[in-house]
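In case you want the letters, here they are:
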Amino acid sequence: MKNLRPGRTALKKPLRATSFRADMLENRDHGRGDPPAARPPRLSLTNTLLVVNGVVFLVQMYVKVKRPTFPMDHYLGLSLDGLRHGYLWQLLSFQFLHGGIFHLLINSWGIYVFGPPVEHAVGRRRFLWLYLLSGLFGGAVHVVGGLAFPSHSEGWELGGTHR
């Protein structure tokens, strides 16, 4: 007992990983009373991307039903012809369009499974840049492929799926 610092007491038995002491829980802030003052919890970027993709898909389906003659794919889907006409926003907009419910579900599943660990590893801001730049790179590969093989460049690119 001589080696103890002032204010410390000796344990009756050594602590092991399975030992439980009630006083260990008393020192924690969570689970008791008001939470400590902090920023409100934010929606993860992964969940935000899932919501954005879902909302864009609903808008896409709404436009197809209400205005079937509106050429949404022509203006928002990535195409070599669209880029030639100066529709540079297609490099971003095509990343959020989907060719159908199955396409949306498969992409959402991939974001749901792989998004959280990647977002946790690289951080929210870098994850967003990674997401957008990956889509941009995929679109650029599609455009270069269309230039190299013109017979395969007809149609639009929607979220990574050629239509």
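The following refers to the structure shown. Predicted model, so just to flag it, every value in this text is computed and none were measured.

The rules behind each value
- Residues numbered from 1 in each chain as written.
- Predicted model: local features only at pLDDT ≥ 70, side-chain atom pairs only at ≥ 80, totals over all residues.
- Heavy atoms only, no water.
- Helix = DSSP H or I, 4+ residues; strand = E, 2+ residues; numbered from the N terminus.
- Buried < 20%, exposed > 50% of the residue type's maximum accessible area, 1.4 Å probe, protein only.
- Areas by Shrake-Rupley, 256 points an atom, 1.4 Å probe, with all protein chains shown as cover.
- Axes fitted to C-alpha atoms, helices over the stretch in contact; angles between N-to-C directions.
- Parallel < 35°, antiparallel > 145°, perpendicular 65-115°, else oblique.
- Left-handed = near helix turned anticlockwise from the far one by under 90°.
- Contact = heavy atoms within 4.5 Å.
- Expected span 1.5 Å × (residues − 1).
- Core = buried A, V, L, I, M, F, W, Y, C linked by side-chain atoms within 4.5 Å.
- Phe/Tyr/Trp six-rings, centres within 6.5 Å; stacked < 30°, edge-to-face > 60°.
- Nonpolar A, V, L, I, M, F, W, Y, C, P; charged D, E, K, R; others polar.

## Thoughts on the overall build of the protein chain
- Each helix and strand in the protein chain was counted, giving 7 helices and 2 strands.
- Secondary structure of the protein chain in N-to-C order comes out as α-α-α-α-α-α-α-β-β.
- Burial status across the protein chain gives 26% buried among its 163 residues.
- If you sum the accessible surface of the protein chain, you get close to 12,500 Å²; carbon and sulfur atoms cover 65% of it.

## As for the packing of helix α2 (residues 45-66) against helix α6 (residues 101-122)
- Between α2 and α6, the shortest axis-to-axis distance is 8 Å and the interhelical angle comes to 165°. Here α2 lies roughly antiparallel to α6, going by the angle between them. At the point where α2 passes α6, the crossing takes the right-handed sense. Along the contact surface, α2 presents Leu45, Thr46, Leu50, Asn53, Gly54 and Phe57, while α6 presents Ile101, Leu104, Ser108, Ile111, Tyr112, Gly115, Pro116 and Glu119.

## Details of α2
- Under the 1.5 Å per step criterion, the end-to-end length of α2 is 31 Å for 22 residues, consistent within 8% with the ideal 32 Å.
- On its buried face, α2 is in contact with α3 (72-76), α6 and α7 (124-148).

## Brief notes about the nonpolar core
- The biggest cluster of nonpolar side chains holds 7 residues, and these are Leu45, Leu49, Leu50, Phe96, Ile111, Phe127 and Tyr131.
- Listed by contribution, the elements that provide at least two residues to this core are α2 and α7.
- With 3 residues, α2 is the largest single contributor of residues to this core.
- Excluding residues within four positions of it along the chain, Phe96 makes contact with Leu49, Val52, Asn53, Val56, Tyr131 and Leu132.
- Counting 5 residues, the second largest nonpolar core, distinct from the first, contains Leu80, Leu83, Phe94 and Val143.

## Here's the deal with the packing of aromatic side chains
- This model, assessed by the stated rule, comprises 5 aromatic pairs.
- Ring centres of Tyr75 and Tyr87 lie 5.6 Å apart, and the angle between their planes is 45°; this geometry places the pair in the tilted category. Placement of Tyr75 in helix α3 and of Tyr87 in the loop between α4 (80-84) and α5 (90-93) is noted, with a sequence separation of 12 residues between them.

## Quick look at the packing of α6 against α7
- Packing of α6 against α7 brings their axes to within 7 Å, and their N-to-C directions diverge by 130°. Relative to α7, α6 is oriented oblique. As α6 packs across α7, the resulting crossing turns out to be right-handed. Between α6 and α7, the contacting residues are Ile111, Gly115, Val118, Glu119 and Val122 on the first element and Arg124, Arg126, Phe127, Leu130 and Tyr131 on the second.
- By residue class, the composition of the contact of α6 with α7 is 6 nonpolar, 1 polar and 3 charged.

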